Amino acid sequence: MRIVRWEQIAKMVDGADIVLEVIDAREPEYTRSRRLEGHVLKRGKVLMVVLNKCDLVPQGIAYGWVERFSAEGLTCICTSSKSMEGIDRLRGLMLRYARSRSRARRMHARSALWMAVTGGKSVALVVGYPKTGKSSLINALRRRHGAGTSPVPGSPGYTRGVQAFRIADNLYMYDTPGMLPVEIEHVDPVAYAVRCAAPEELSDPVEPACRLLERALIYNPDAVKDAYGVSTTNPYEILEEIARRRGWFYRSDGEPLLEEAARTVIRDYHNARLRFYIPPPDHHH
Ligand SMILES: Nc1nc2c(ncn2[C@@H]2O[C@H](COP(=O)(O)OP(=O)(O)OP(=O)(O)O)[C@@H](O)[C@H]2O)c(=O)[nH]1
Ligand SMILES: [Mg+2]
């Protein structure tokens, strides 16, 4: 798990004008960070909640979540970096904000200094839990723009560290690795499973994978059967069966390699081979 301390996040937020909180439309409550949202608003930054991967949920479900976020007074935009839904709208919102901001700053008394320092640019920081689609979202925004959106020279290769992209003349975006501190992992193993980092980095992938399988079966009874052709509903037996079918066994005792199956399940949750989504609490069909 890539842990970053809140002080580091606070510093990055301070350097930004807009913060995009990228959450997963399938699991909005578990992939949002109220602490991050509170911090961004307290610092007077523009917060945009990006409900990404909305191609993986029915439209009514996505809109239901947008309504809930709106009712909290938050700006929430449905996007998919796959179907490109919402990408133009998000880009338009950010650019409109960047323009109004540079106009306001130009008229401000200290504008000359500010223009010299920033060149009148706005910075949008993209944050979120691992694998919510932060990098894909930036790529989608770049694809829409065409030329001139390459990474800013000197920024690191991929999302190990923070990487900057020019989206428009007056708008830069900063990609960050999924690294929000997970605070309630001790009390809520499901939240931990949903938010957990790349499965390769987990010392124990079995527990989070079991929580994901249970959650999948609650919200989509066919999820496990569709993904693996396995009918049992006991999470350990599911992992055993996956390992057996793929021929993953311990050399020493021939027992199925549960860890390898567990990593597969976590990966399949992120890439949506294991399919389920959580409807908003008061959703009616
Ligand atoms: N279906 C679907 N999949 C998506 C979407 N956005 C991202 N993904 C998939 O989600 C996985 C993670 O995407 P990334 O863009 O690497 O996520 P990230 O938030 O940058 O991940 P980290 O940098 O590791 O935190 C990949 O398998 C993507 O293909 C989307 O809108 N729809
Ligand atoms: Mg990334």
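Residues numbered from 1 in each chain as written. Chains lettered and ligands numbered in written order. Predicted model: local features only at pLDDT ≥ 70, side-chain atom pairs only at ≥ 80, totals over all residues. Heavy atoms only, no water.

### Digging into the packing of aromatic side chains
And step 1. Under the criterion given, the structure shown has one aromatic pair.
And step 2. Lying over the aromatic face of Tyr269, Arg26 brings its terminal NZ or CZ to 4.4 Å of the ring centre. (Phe/Tyr/Trp six-rings, centres within 6.5 Å; stacked < 30°, edge-to-face > 60°. Lys NZ or Arg CZ within 6 Å of the ring centre and 35° of its normal.)

### Brief notes about the site of ligand 1
And step 1. Residues in close proximity to ligand 1 total 19 residues, the closest being Asp55, Ser81, Lys131, Lys134 and Ser136.
And step 2. Within the side chain of Lys53, a nitrogen or oxygen atom sits 3.1 Å from an oxygen atom of ligand 1.
And step 3. Interatomic distance of 3.3 Å between a backbone N/O atom of Thr132 and an oxygen atom of ligand 1.
And step 4. Contact with the protein chains hides 80% of the accessible area of ligand 1, taken as 660 Å² for the molecule alone.
And step 5. Sort the elements by how many residues they give to the shell around ligand 1 and helix α7 (residues 134-145) lands first, with three residues. (Near = heavy atom within 4 Å. Polar contact = N/O pair within 3.5 Å; in protein donor to acceptor, adjacent residues only side chain to side chain. Areas by Shrake-Rupley, 256 points an atom, 1.4 Å probe, with all protein chains shown as cover. Helix = DSSP H or I, 4+ residues; strand = E, 2+ residues; numbered from the N terminus.)

### Structural notes on empty space enclosed by the protein
And step 1. This structure, assessed with the given rule, holds one cavity of 30 Å³ or more.
And step 2. Looking at the largest cavity, its volume works out to about 40 Å³.
And step 3. Taken together, Asp24, Thr31, Pro130, Lys131, Thr132, Val194, Tyr269 and His270 make up the full set of residues lining the largest cavity.
And step 4. When the residues that make up the lining of the largest cavity are grouped by side-chain class, the tally is three nonpolar, three polar and two charged. (1 Å grid on protein atoms, 1.4 Å probe; cavity = no way out; pocket = protein on both sides within 12 Å on 5 of 7 lines; lining within 4 Å. Points joined across faces, edges and corners; volume = space filled by probe spheres on them. Nonpolar A, V, L, I, M, F, W, Y, C, P; charged D, E, K, R; others polar.)

### As for the packing of helix α9 (residues 206-219) against helix α12 (residues 258-270)
And step 1. In contact at an axis separation of 8 Å, α9 and α12 are set at 50° when each is read in the N-to-C sense. Relative to α12, the element α9 lies oblique. Once α9 is placed against α12, the crossing between them reads as left-handed. From α9, Val206, Pro208, Ala209, Leu212 and Leu213 reach across to α12, where they touch Leu258, Glu259, Ala262, Val265, Ile266 and Tyr269.
And step 2. Each residue belonging to the contact of α9 with α12 can be placed in one class, and the counts come to 10 nonpolar, no polar and one charged. (Axes fitted to C-alpha atoms, helices over the stretch in contact; angles between N-to-C directions. Parallel < 35°, antiparallel > 145°, perpendicular 65-115°, else oblique. Left-handed = near helix turned anticlockwise from the far one by under 90°. Contact = heavy atoms within 4.5 Å.)

### A closer look at the sheet that holds strand β2 (residues 46-52)
And step 1. Spatial ordering of the open sheet is given by β3-β2-β1-β4-β6-β5, a layout of six strands whose pairing is mixed. Of all the strands in the sheet, just β3 (75-78) and β5 (163-168) have a single pairing partner and so form its edges. Going from strand to strand, the sheet's axes swing by 25° on average, the running direction of each strand aside.
And step 2. The pairing of strand β4 (residues 122-127) with strand β6 (residues 171-175) spans five bridges and is classified as parallel. Its bridge partner lying in β6, Ala124 is registered against Met173.
And step 3. This element, helix α4 (residues 59-71), spans β1 (18-24), β2 and β3 of the sheet and lies at about 170° to β3. (Pairing = 2+ DSSP bridges.)

### Considerations on α12
And step 1. The terminal C-alpha atoms of α12, which comprises 13 residues, lie 19 Å apart, in line with the 18 Å expected from a rise of 1.5 Å per residue.
And step 2. In terms of residue burial, α12 counts as a mostly covered element, since 10 of its 13 residues are buried.
And step 3. Residues Leu258, Ala261, Ala262, Arg263, Thr264, Val265, Ile266, Asp268, Tyr269 and His270 constitute the buried set of α12.
And step 4. Packing partners of the buried residues in α12 comprise β1, α8 (189-195), α9, α10 (223-228) and α11 (235-246). (Expected span 1.5 Å × (residues − 1). Buried < 20%, exposed > 50% of the residue type's maximum accessible area, 1.4 Å probe, protein only.)

### Topic: a positive patch on the surface
And step 1. Side chains of Arg89, Arg96, Arg99 and Arg103 sit close together on the surface and give a patch of like positive charge.
And step 2. Mapped onto the secondary structure, Arg96 falls in helix α5 (residues 87-107).
And step 3. Classification of Arg96 by relative accessible area gives exposed; the value is 55%. (Patch = residues over 30% accessible without salt bridge, like charges linked within 9 Å, V, L, I, M, F, W, Y side chains within 5 Å. Salt bridge = Lys/Arg side-chain N within 4 Å of Asp/Glu carboxyl O. Lys, Arg positive; Asp, Glu negative; His and termini not counted. Charge placed at Lys NZ, Arg CZ, Asp CG, Glu CD.)

### Side note on the pairing of β6
And step 1. Burial analysis of β6 places four of its five residues in the buried class, which makes it a mostly covered element.
And step 2. Connecting β5 to the antiparallel partner β6 that follows it, the hairpin turn spans two residues.

### Considerations on the pattern of salt bridges
And step 1. Going through the model one piece at a time under the given rule, you end up with 18 salt bridges.
And step 2. The shortest N-O distance in the salt bridge between Glu27 and Arg215 comes to 2.4 Å. Here Glu27 is found in the loop between β1 and α2 (28-31), whereas its partner Arg215 is found in helix α9, with 188 residues between them in sequence.
And step 3. By relative accessible area, which is 2% here, Glu27 ends up buried.
And step 4. Note that Glu37 and Arg32 form a salt bridge whose closest N and O atoms lie 2.8 Å from each other.
And step 5. Glu37 sits in the buried class, given a relative accessible area of 5%.

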